[in-house]
Amino acid sequence: MKKIYASSIAVLDSNVLTGGGTDVTEQLQAALDRVGAAGLYLVLDGAALVRGLRIYSNTVIECPNKDCGLYLADNANRPLLRNEDWSMYRLTTRNISILGGTYNHNCVHQKQYLSPEEFPWPADFSPSEGIEEGWKHFVSLFEFYGVENFTVRDVLFLDQRCYTLTLGNFKNALIEHAAIEMLHHMRPSNQDGFHFFGPGKLLTMKNIRGCTGDDFINIAPDELDSTSSITDVLIDGVVFEDTCQGIRMLSKKNGRLDRVTVKNVTGTYRTFGFSIIPFYLGEDFGNVGDLYFENIDLRQIPETYHYTPLTFMQLGGNIECVTMKNVRFHCPVRNSTVFDIGRPFHYVPPEMTDEEVAYYNLSDSTQMYPMGWMPEKARPHMGSFLIDGLTVITDSKADAMSIFELRYQIDNFVAKNIQIFRKENAAASGDLIKLCDEANIGNMILEDVFAEKLRSVITAGEEHRIDLLLAKNITHKNGTEPLRINRTQIGSSLISDVNSL
């Protein structure tokens with residue numbers, strides 16, 4: 001592998017924060033092209049102004065410090081880095097490492113997207129009907145398709161125009177000690193973080209922080225083609241710094257999302273913390289296997305916009321198993337359901353105004369869905385939802401707010417070691433668990449619950465069904481009625497140690 005210092009072949013007189021200087025795209029690209037897939041170790045020992053670079057297999061780009069890196073020239077409208085030989089389905093590029101430095105996309109002076117004629121997709125890309133990528137190529141800060149052995153370490157991303165890092169069709173990707181800083185919020189516009197499209201497997205993200213104007217992490221296996229899968233994902237250590245939207249996972253149709261672990265997530269968010277739904281309307285509800293979440297502590301802050309439902313976690317569609325451990329949710333700034341479980345589609349919140357629809361250019365969007373829409377016969381199916389360890393602390397802002405809303409078919413709902421504390425100014429209102437919209441629960445198991453100043457621990461109507469209800473060691477303090485299920489269809493029940501104080 002040949003090693004080259006960028007300062008030996010180009011004038012590095014730019015600035016990673018403010019830009020300017022000499023455009024050295026041709027010199028750096030010529031060095032990359034000469035070596036090609038034989039391998040190049042490029043040391044960016046300064047700040048370079050470029051219009052975007054295309055890299056090959058066996059490329060390492062290293063920056064000695066955060067004042068070194070790349071700044072995108074005005075009106076370049078391209079990724080700072082992408083792979084030359086890219087493919088949606090073949091692994092065409094191997095062994096890419098981006099180590100250290102700052103990469104500034106100069107978002108104020110770039111377009112959000114181009115037409116595929118202006119900026120072609122990989123030649124083997126055939127977008128699903130109705131998705132925006134059919135007529136838009138969003139401009140990412142980094143964009144790679146068809147990569148095996150991909151590493152990003154200790155990188156600072158600045159001012160992404162649309163997606164920060166788009167990685168599709170990958171195997172063995174590692175992103176660690178990376179940060180996204182959004183110095184300029186372009187409105188209206190997606191300024192997302194890390195986007196992953198299938199097919200993909202073996203993705204590890206560790207110690208990631210930052211702010212985005214849309215999703216911070218988006219894992220979307222079959223969003224582009226309805227068939228690809230992503231499996232074996234570890235996300236460990238995420239800090240949201242006032243990010244608009246947190247972690248989204250989208251399984252649309254036949255592609256599968258499976259074996260995903262998310263641990264140690266903290267910080268502040270504006271719209272939602274987690275959204276795991278099929279998103280697009282239809283009779284398909286996605287294909288999700290096992291998801292695991294542990295040690296989650298997030299705080300709401302006032303939203304930037306509300307064309308997306310404002311929740312802590314949306315979770316719906318066809319999902320086999322979700323397990324959560326040690327979740328904390330303190331002092332929400334608005335009244336919205338904490339866990340919205342079973343609803344499979346994004347919807348337009350009722351408070352959305354016509355003026356906002358016009359401002360955000362949503363009038364012709366394929367994503368403007370009516371609240372509560374469902375196909376005539378098909379329904380989503382969740383296998384198991386288990387949560388062990390939940391602490392919620394709320395005040396009067398959460399009056400009448402549900403902690404869990406359950407919809408449609410859920411085979412097993414298990415909630416253990418739950419503490420709900422309501423402050424002195426809070427009214428006794430809202431429910432811990434509320435059954436809605438055709439909720440049909442197989443086994444509902446509640447153990448070791450303390451619920452303060454809630455109307456009830458469980459509320460359900462005559463149209464709802466619970467095959468087996470197991471409730472024990474439930475303490476309901478300063479509420480109305482612990483179990484409001486007198487008219488609910490219950491197959492059998494085992495209820496013990498349910499106390500009202």
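Small disclaimer: the values here were computed from a predicted structure and weren't measured.

Draft legend 1. How the structure looks around the overall build of the chain. Per the secondary structure count, the chain includes 2 helices and 29 strands. The C-alpha radius of gyration computed for the chain amounts to 24 Å, which stays within 12% of the reference 23 Å derived for 501 residues, consistent with globular compactness. Expressed as lengths along the three principal axes of its C-alpha atoms, the size of the chain is roughly 80 × 45 × 45 Å. Of all 501 residues assigned to the chain, the portion counted as buried reaches 61%. Sequence separation of at least 24 residues holds for 79% of the intrachain contacts in the chain that already meet a minimum separation of 6. Computed over 46 positive and 64 negative side-chain charges, the inter-centroid distance for the chain is 3 Å.

Draft legend 2. Representation of the packing of aromatic side chains within the structure. Inspection of the entire model under this criterion finds 27 aromatic pairs. Taking the centre distance of 5.5 Å and the plane angle of 70 degrees together, the rings of F216 and F240 count as edge-to-face. Separated by 24 residues along the polypeptide, F216 in strand β16 (residues 215-220) and F240 in strand β17 (residues 230-249) bring together distant segments of the chain. The burial state of F216 is the same as that of F240; both residues are buried. In this structure, R78 packs its charged tip against the face of F119, placed 4.5 Å from the ring centre. The residue whose ring lies beneath K252 is Y280, and the NZ or CZ to ring-centre distance is 4.8 Å.

Draft legend 3. Highlighting the environment of T92. As for its placement among the helices and strands, T92 is situated in the loop between β7 (81-83) and β8 (93-99). On the accessibility criterion, T92 (17% relative accessible area) is buried. Spatially, the C-alpha atoms of T92 and K397 are 53 Å apart, while their sequence positions differ by 305 residues. In contact with T92, other than residues within four places in its own chain, are S57, N83, D85, W86, S87, Y145 and G146.

Draft legend 4. Representation of the nonpolar core in the model. Of all hydrophobic cores here, the largest spans 113 residues; its most connected members are Y103, F194, F339 and F404. Broken down by element, this core gets its largest block of residues, 9 residues, from strand β25 (residues 431-452). If we ignore the near neighbours within four places in the chain, the residues touching F404 are F339, I341, F385, I387, L390, F413, L432, I433 and K434. Y145, F197, I277 and Y369 belong to the second-largest nonpolar core, a separate cluster that totals 20 residues.

Draft legend 5. Representation of the layout of surface pockets within the structure. For the second largest pocket, the calculated volume is near 230 Å³. Grouping the constituent residues of the lining of the second largest pocket by class yields 6 nonpolar, 4 polar and 4 charged.

Draft legend 6. Up close: the pairing of strand β23 (residues 381-394). Here β23 lies mainly inside the structure; 10 of its 14 residues are buried. Two elements, strand β21 (residues 319-330) and β23, share 10 bridges in a ladder whose sense is parallel. The residue bridging V322 from the neighbouring strand is F385, located in β23. For β23 and strand β24 (residues 404-422), the ladder comprises 12 bridges, and the chain directions are parallel. Counted as the bridge partner of L390 is I418 from β24.

Rules used in this analysis
- Along every chain, residues carry numbers that run from 1 in the direction the sequence is written.
- Only residues with pLDDT of 70 or above have their local features reported here, since the model is predicted, and side-chain atom pairs are shown and tallied only from 80 upward, although totals for entire chains, interfaces and linings are computed over all residues.
- Hydrogens and water molecules were not included; the side-chain quantities draw on all heavy atoms of the structure.
- In this description a helix means any DSSP run of H or I spanning at least four residues, a strand means any run of E spanning at least two, and both kinds are numbered starting from the N terminus.
- Our radius of gyration looks at C-alpha atoms and nothing else; its globule reference is 2.2 Å times the residue count to the power 0.38.
- Exposed residues in this analysis have more than 50% of their type's maximum accessible area, buried residues have under 20%, and partly exposed residues fall in between, with area computed by a 1.4 Å probe over protein chains only.
- Whether two residues are in contact is decided by their heavy atoms, any of which lying within 4.5 Å being enough.
- Neither His nor the chain ends is counted toward charge; the positive residues are Lys and Arg and the negative residues Asp and Glu.
- Where a charge sits is defined by one atom per residue type, namely NZ (Lys), CZ (Arg), CG (Asp) or CD (Glu).
- Each aromatic pair joins two rings of Phe, Tyr and Trp (for Trp, the six-membered one) with centres within 6.5 Å, and gets the label stacked for planes under 30 degrees apart, edge-to-face for over 60, and tilted for any other angle.
- Any Lys NZ or Arg CZ found within 6 Å of a ring centre and within 35 degrees of that ring's normal is scored as a charge over the ring.
- Nonpolar cores were defined as sets of buried Ala, Val, Leu, Ile, Met, Phe, Trp, Tyr and Cys residues, with membership established by side-chain atoms within 4.5 Å.
- Grid points spaced at 1 Å and placed over the protein atoms alone form the basis of the search, with a cavity being a set where a 1.4 Å probe fits but cannot get out and a pocket an open set showing protein on both sides within 12 Å along at least five of seven lines. Lining residues have an atom within 4 Å of a point.
- Grid points are joined across faces, edges and corners, and a volume is the space filled by probe spheres set on the points.
- As a working rule, the residues Ala, Val, Leu, Ile, Met, Phe, Trp, Tyr, Cys and Pro are called nonpolar, Asp, Glu, Lys and Arg charged, and the rest polar, with Gly in that last group.
- Two strands pair under a simple rule: DSSP has to find at least two bridges between them.

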